[in-house]
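A closer look at the structure
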Amino acid sequence: MDSNQNFGASIYNFLVNLPVKIKRCVFPITDIFVVILTYLISKFAFFGTLGEVLYLNSLIILVVCSFSISSLMGVNRLKLFGFDLDSIKLLAGTSSLLLATSACFSILSIINETIPELLTFSVFYFLIASGLRLAVLGFLDRLQRKFDAKIPVAVYGAGSAGVQLVAALKKSNDYYPAALVDDKPSLKGLNVSGLIIKPKSELSKMVNSGQISRIILAMPSLSFDAQNKILEGLPNFECEIQTLPSLSELISGKSPSPDWETIPINKILSRNDVELEMNEANEHYKSKVIMVTGAGGSIGSELCIQLVKIKPAAIVLIDNSEYALYKIEQKLSEKFPKSHTEIYSTLGSVTDEAFLKSVIEGYSVHTIFHTAAFKHVPLVEKNPLEGVKNNVLGTLKLCQACKNSLVEELILISSDKAVRPTNIMGATKRLAELVIQEFADRGYARFTSVRFGNVFGSSGSVIPLFKSQIEKGGPVTITDQRVTRYFMSISEAVRLVLIAGTYAKGGDVFVLDMGKPKKIFDIAKQMILLSGQKIKTAKGVGDGIEIEEIGLREGEKLYEELLIDNNTFPTPNKKILRAKESKLQKEEFNKMTIELEFLCGSESDTSVKKFLKNWVREFDPKN
């Protein structure tokens, strides 16, 4: 750093580190000199000379009046870095009040100035007092940019949100607006708060030169699809890209930051997390005793959280993992410390019919949400018998435990992998649906299945895997560039499950509208770019994160489906469809259950695929 830079840094540090008491005295004292200077300038402007037109008594009275009125109006309490249009209006009001007061003194012959002279004085006082503050603010802003470690930000979008963000950034201790970007031809070249609006084409130059280190997309009113088109049109920048949340997100508290948030995953996936009317669900489940199997899992945990909000009489948590059960119990007690809903934690397996029956009867359960399942495709592929036991036998035992009980409804959480399955996990989920349909026909209660695709944020989800891989510097691994998947947030999926349960007649297979499928490869690219990294175009060549294709895993499909026969009917909610699909005949079902019990008792994996192929007609394993 040369001598000039050292001198500049010294000035900046001296001004910034002044004691607060001294800072508060600076402008009140400065304003006294402003009054004196204004008096001299206004006299010269009015008479063209200063000889024989200056009156000491008038000057003293004007100084006292201006100091008193400034204190009364709160001008002395104006924060310099908060100086804005409202502050200028306050100074204008102070000048007007000073003119009115001094005019009264003139009429009473207490001072020698005429009203036209005092009008000239008040105008100059307003201009000099405002100009001085703006000049000091500009000087400090330049020093701060040069010698303070503020992060330079480019605001993309010159609409009302962008303009407000620029104003907010000017007052920030950590950031400053270095550029305002918008591609609208009508806005090009306009000046907003000292920033000339620039086209998107100049962003690359600004990033590469270090002028900006962060881009904030300030277009909260645009749909996720529209925002994604803009993001995809940005070059491969080495800087973090963020988005300004909408006003509704800020008010509802969904945004994790009061100013802006890193692009959330639902925006990467181009999917709105739809707000849903829960009135039907609130009435349906309120005051009931509800049991959730797999309560410690991703879906089970969210179900419990959403259910407590509905205020049922009690929720019975069932899980075969002590740790998972402990975690959800703790989460509920921390999140709802004053809830009147009783929470009962029960450790046990859904394959134990006696255990299930004792819980159902002991707590007088009305509604069951069956989420307990092994869902990780490669793991179930390697442990097929355990997959059948948990996913199929567990569902069968739960249904049998409901006989001669108060249970009114049982809702199975199924999967899109149950549709024309190519893996064991999918086949077990389809067979679980068939179990549900059979028991619905027996009339014990309303037995229902709800089928949906991937939920982001769940355990084993690709999103946290990519995040972890990016943080480690890569590579980000995908199975195949062609793979697509349906995605939905856990909270939206669970709300739709709760609503679907209110439509159940028995034997239903409800299918949730998952929107358009998303390429996993595109998700990987967007997550890398939005983390401020480049994508490495060739293995071992250049900087950035590499995307490595490792090939489809055993039993994995390129594309998932939600319907077997494409035969659906609407429900009162457009996000929920009722599918009509084939089921096993009674004799077939009885034979299947005998084979199932024998298979699970044999402790042998060798016959699992044969068993599943016999009873899941659409099952087409790839090996």
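Each remark here, short or long, concerns the structure printed above.
Cut-offs used in this document
- Residues numbered from 1 in each chain as written.
- Predicted model: local features only at pLDDT ≥ 70, side-chain atom pairs only at ≥ 80, totals over all residues.
- Heavy atoms only, no water.
- Helix = DSSP H or I, 4+ residues; strand = E, 2+ residues; numbered from the N terminus.
- Buried < 20%, exposed > 50% of the residue type's maximum accessible area, 1.4 Å probe, protein only.
- Contact = heavy atoms within 4.5 Å.
- Areas by Shrake-Rupley, 256 points an atom, 1.4 Å probe, with all protein chains shown as cover.
- Phe/Tyr/Trp six-rings, centres within 6.5 Å; stacked < 30°, edge-to-face > 60°.
- Lys NZ or Arg CZ within 6 Å of the ring centre and 35° of its normal.
- Polar contact = N/O pair within 3.5 Å; in protein donor to acceptor, adjacent residues only side chain to side chain.
- Pairing = 2+ DSSP bridges.
- Axes fitted to C-alpha atoms, helices over the stretch in contact; angles between N-to-C directions.
- Expected span 1.5 Å × (residues − 1).
- Bend = angle between axes of the 7 residues up to and from the residue.

Further remarks concern the overall build of the protein chain. Each helix and strand counted, the protein chain has 22 helices and 22 strands in total. Here the protein chain, with 623 residues, has 50% of them falling under the buried criterion. Once local pairs closer than 6 in sequence are excluded, the contacts in the protein chain between residues at least 24 apart make up 74%. With the model as given, the accessible surface of the protein chain reaches about 29800 Å², and the carbon-plus-sulfur share is 56%.

Our focus in this paragraph is the packing of aromatic side chains. The full count for this structure, using the stated rule, is six aromatic pairs. For the ring pair Phe121 and Tyr125, a centre distance of 6.3 Å and an interplane angle of 20° mean the geometry is stacked. Taken together, the residues span about one helical turn, with Phe121 and Tyr125 both in helix H5 (residues 115-147) at a distance of four residues. Tyr125 shares its class with Phe121; the two are buried. Ring centres 5.9 Å apart and planes at 45° place the aromatic pair Phe439 and Tyr444 in the tilted group. Classification of Phe439 by relative accessible area gives buried; the value is 1%. Taking the relative accessible area as the measure of exposure, Tyr444 reaches 33% and is therefore partly exposed. In this structure an aromatic cluster arises from ring pairing among Phe439, Tyr444, Phe447 and Phe589. Sitting over the ring of Phe439, Arg442 keeps its end group 4.6 Å from the ring centre.

Locating Glu438 in the fold gives a position in helix H17 (residues 424-442). A polar side-chain atom of Glu438 sits 3.1 Å from a polar atom in the side chain of Arg442. Those residues in contact with Glu438 that sit more than four places away from it in its chain are Leu584, Lys586 and Phe589.

This part is about the pairing of strand S11 (residues 367-370). Covered by surrounding structure in S11 are Thr367 and Phe369 together with Ile368 and His370, the residues of both alternating faces. Relative to S11, strand S8 (residues 289-293) runs parallel, the two being bridged by four bridges. Bridging across to S11, Val292 finds its partner in Phe369. In this sheet, strand S12 (residues 409-415) lies alongside S11 in parallel orientation, the contact comprising four bridges. Residue pairing in the sheet places Phe369 in a bridge with Ile411 of S12.

Moving on, we get to the sheet that holds strand S9 (residues 314-319). Within the open sheet, the nine strands sit side by side as S10-S9-S8-S11-S12-S13-S18-S22-S21. Their pairing is mixed. The open sheet is flanked by strand S10 (342-347) and strand S21 (568-570), the only strands paired with a single partner. Neighbour-to-neighbour, the strand axes of this sheet turn through a mean angle of 25°, independent of strand direction. Relative to S9, helix H14 (residues 353-362) is tilted by about 170°, and along the sheet it contacts S8, S9, S10 and S11.

Another aspect to go through is helix H16 (residues 384-401). Across its 18 residues, H16 extends 24 Å between first and last C-alpha, which sits within 8% of the 26 Å expected from 1.5 Å per residue. Remark: the principal bend of H16, roughly 35°, maps to Leu393.

Don't take any of this as a statement about function, it's just geometry.
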